[in-house]
Amino acid sequence: MTDLLSTASTALAPYLRCRRWVIAYSGGLDSHVLLHLAWCLQQSALRRGDTFPELSAIHINHQLQSASGDWAEQCQAVCKQYGISFQARLVEVHGHRQGIESLAREARYRVFEELIDDDSVLLLGHHQDDQVETFFLRLLRGAGAAGLAAMPVTRRVGSGVLVRPLLDVSRAVLESYANSQGLAWIEDPSNSDSHYRRNFLRHRVMPVVAEAWPTYRNTIVAAAALQAETSLLLDSYLNADIAKLSDEDGNLKLAELREFDTSRQRALLRQFVLLRTEQRLDQAQTRELAEQFLHSSNDSQPIFVVNKAMTLRAFRGRLYCVPESVSGRFDSERIFDWRGGECEISGLGRLSSSAGGKFVPRGNMTVRFRHGGERCRIAGHAHSKSLKNLLQERGVPPWRRDILPLIYCDDELAAIADIAICEGFWAADQEVGLILHWRWSR
């Protein structure tokens, strides 16, 4: 007991100043042990008179077993015994047998993302055996270094952080601890069903591996840690390259990317997408992406849908990552009052100004958007042009033309974002105007 409690205490020490620890509590062996350890640490702190984070438990009911309702009640009873606040959430999981584990995980993490704020820590009871199984599952899917790093001890979730304090502890140690403390945990009957791939590994493959390599768990965990280091190192090199290949708005310069060899091109494309969307592309997606954007002419405008929220587009030799909220329908009737300070336009970007420029507002300023038919005579030009033609000439991508902020003074178009100033609003001699700044959201 002392060794495992010490392990948990050391792993969780960096998070003692957080307001709340949320324990993902299924009622199974690992989460029950984690719950008990957290409670023991809390009780020790209270006896010493030390402050300690608030403990709470979240139980996700996937509704996949007839007894799932009873399990939720059992978990609630345990938390009541420990004086730990408890909530249960129902989620819907639909799909085929081989995909049910992934779908259930996605459903759980959607709840976690909602619950964890910037002063909370989500504690998960994953252990060493889980880590080994994850490594093998990803290996058999053809994962690279990032995938073979398996599960990290900590990462961001929601606005807070996820921590796995038992990741270096074997299931056998957890079971020994639970028995010594008289803990009663829930046994999910699906855990013995070898039709599920993780269970197949656990019950059919790992015992055979253990016959020849009794210490395979430690070896695999060490290999996963090495892959994590390799992945971090590779990320640092790729991020440095992407910074050099990106323009000031974060768009990728395709002509310069084409100068690299094929494998590096693909690695950089994958990393660009990961940085912008937090999604890793597989090999087939990466090949398709390279084919569309690196083997097409600069005049073409290919589109690659990453997910429901993000689309990749090319325009004039740049690769753009476009949020669906921007590329989809937009309310052109929106009007913002503006006095020259920072104006955050949700989902689009940030408009601001600074002293020392040539734009002189004359009248009350508002920020509006294109309706169609607008015309503007650029300061110093003899004739007016349609806004449509001006935006084409200035190289504004087609999907951004309707959502580019237009600055009006009273009811007259005065400036087009930070692209152009209209006649009548250019600073005369001795006048000190503003510099306009517009930055698109990434």
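This text goes with the structure placed above it.
What comes next is a walk through the structure. Keep in mind that what you see is a predicted model, and the values were worked out from it rather than measured.

**Notes on the overall build of the protein chain**
- Broken down by element type, the protein chain carries 14 helices and 20 strands.
- Radius of gyration (C-alpha) of the protein chain: 28 Å, far over the 22 Å computed for a compact globule of 442 residues.
- Seen through its C-alpha atoms, the protein chain measures out along the principal axes to roughly 90 × 55 × 40 Å.
- Looking at the protein chain as a whole, 45% of its 442 residues qualify as buried.
- Restricting to contacts in the protein chain with at least 6 residues of sequence separation, those with at least 24 account for 65%.

**Section: the pattern of salt bridges**
- Scanning the entire structure with this criterion turns up 19 salt bridges.
- A salt bridge links Arg318 to Asp247, with the nearest nitrogen and oxygen atoms 3.2 Å apart. On the criterion of sequence distance, the pair formed by Arg318 in strand S10 (residues 318-323) and Asp247 in the loop between helix H9 (216-245) and strand S7 (252-253) is long-range, its members being 71 residues apart.
- The class for Asp247 is buried, based on a relative accessible area of 19%.
- The residue Arg439 makes a salt bridge to Asp418 at a minimum N-O spacing of 3.7 Å.

**With respect to the packing of aromatic side chains**
- With the rule as written, the count across this model stands at eight aromatic pairs.
- Taking the centre distance of 4.9 Å and the plane angle of 65° together, the rings of Trp21 and Phe52 count as edge-to-face. With Trp21 in strand S1 (residues 20-24) and Phe52 in the loop between helix H2 (29-48) and strand S2 (54-61), this residue pair connects regions lying 31 residues apart in the sequence.
- Centroid distance Tyr320 to Trp399: 5.1 Å. Interplanar angle 80°. Geometry classified as edge-to-face. Of this pair, Tyr320 sits in strand S10 while Trp399 is found in the loop between helix H14 (387-393) and strand S17 (406-409), placing the two residues 79 residues apart along the sequence. Summarising the burial analysis for this pair, Tyr320 and Trp399 share the class buried.
- Of the aromatic side chains, those joined through ring pairs into one cluster are Phe315, Tyr320 and Trp399.
- Across the ring face of Tyr109, the terminal group of Arg105 is positioned such that the distance to the ring centre comes to 4.3 Å.
- The ring centre of Tyr408 lies 4.6 Å from the NZ or CZ of Arg368, which sits over that ring.

**Structural notes on the sheet that holds S1**
- Taken in spatial order, the six strands line up as S3-S2-S1-S4-S6-S5 in an open sheet, and their pairing is mixed. With one partner strand each, in any of the chains shown, strand S3 (85-90) and strand S5 (154-157) form the two edges of the open sheet. The mean angle between the axes of side-by-side strands here comes to 25°, regardless of whether they run parallel or antiparallel.
- Of the strand pairs in this sheet, strand S4 (residues 120-123) and strand S6 (residues 160-163) are connected by three bridges, and their pairing is parallel. Across the sheet, residue Val121 finds its bridge partner in S6, namely Val161.
- Set on the sheet, H2 makes contact with S1, S2 and S4; between it and S1 the angle comes to about 155°.
- Set on the sheet, helix H4 (residues 100-115) makes contact with S1, S2, S3, S4, S5 and S6; between it and S2 the angle comes to about 150°.

**Quick word on the environment of Met206**
- Position of Met206 relative to the elements: it lies in helix H8 (residues 197-212).
- Residue classification places Met206 among the buried positions, given a relative accessible area of 4%.
- Distance in space between the C-alpha atoms of Met206 and Val132 is 9.3 Å, their sequence separation being 74 residues.
- If sequence neighbours within four positions are ignored, Met206 has contacts with Val132, Phe136, Leu201 and Tyr216.

**As for the nonpolar core**
- Core analysis: the biggest nonpolar cluster contains 39 residues, and Trp21, Val33 and Leu35 have the highest contact counts within it.
- In terms of residue count, H2 provides more of this core than any other element does, nine residues in total.
- Residues contacting Leu35, with those up to four places away along its chain left out, are Ile23, Tyr25, Ala57, Val78, Cys79, Tyr82 and Ile84.
- Of all hydrophobic cores here, the second largest spans 33 residues; its members include Ile378, Ala420, Ile421 and Leu436.

**Points about the pairing of strand S14 (residues 365-368)**
- By the alternation rule, side chains of S14 split into Met365 and Val367 and Thr366 and Arg368, which are all buried.
- The pairing of strand S11 (residues 336-337) with S14 spans two bridges and is antiparallel. Each bridged residue has a counterpart across the sheet, and for Asp337 the counterpart in S14 is Thr366.
- In this sheet, S17 lies alongside S14 in antiparallel orientation, the contact comprising four bridges.

Criteria and thresholds
Residues numbered from 1 in each chain as written. Predicted model: local features only at pLDDT ≥ 70, side-chain atom pairs only at ≥ 80, totals over all residues. Heavy atoms only, no water. Helix = DSSP H or I, 4+ residues; strand = E, 2+ residues; numbered from the N terminus. Rg over C-alpha atoms; globule rule 2.2 N^0.38 Å. Buried < 20%, exposed > 50% of the residue type's maximum accessible area, 1.4 Å probe, protein only. Contact = heavy atoms within 4.5 Å. Salt bridge = Lys/Arg side-chain N within 4 Å of Asp/Glu carboxyl O. Phe/Tyr/Trp six-rings, centres within 6.5 Å; stacked < 30°, edge-to-face > 60°. Lys NZ or Arg CZ within 6 Å of the ring centre and 35° of its normal. Pairing = 2+ DSSP bridges. Axes fitted to C-alpha atoms, helices over the stretch in contact; angles between N-to-C directions. Core = buried A, V, L, I, M, F, W, Y, C linked by side-chain atoms within 4.5 Å.

Honestly, that's just the spatial picture; any functional story needs more than this.
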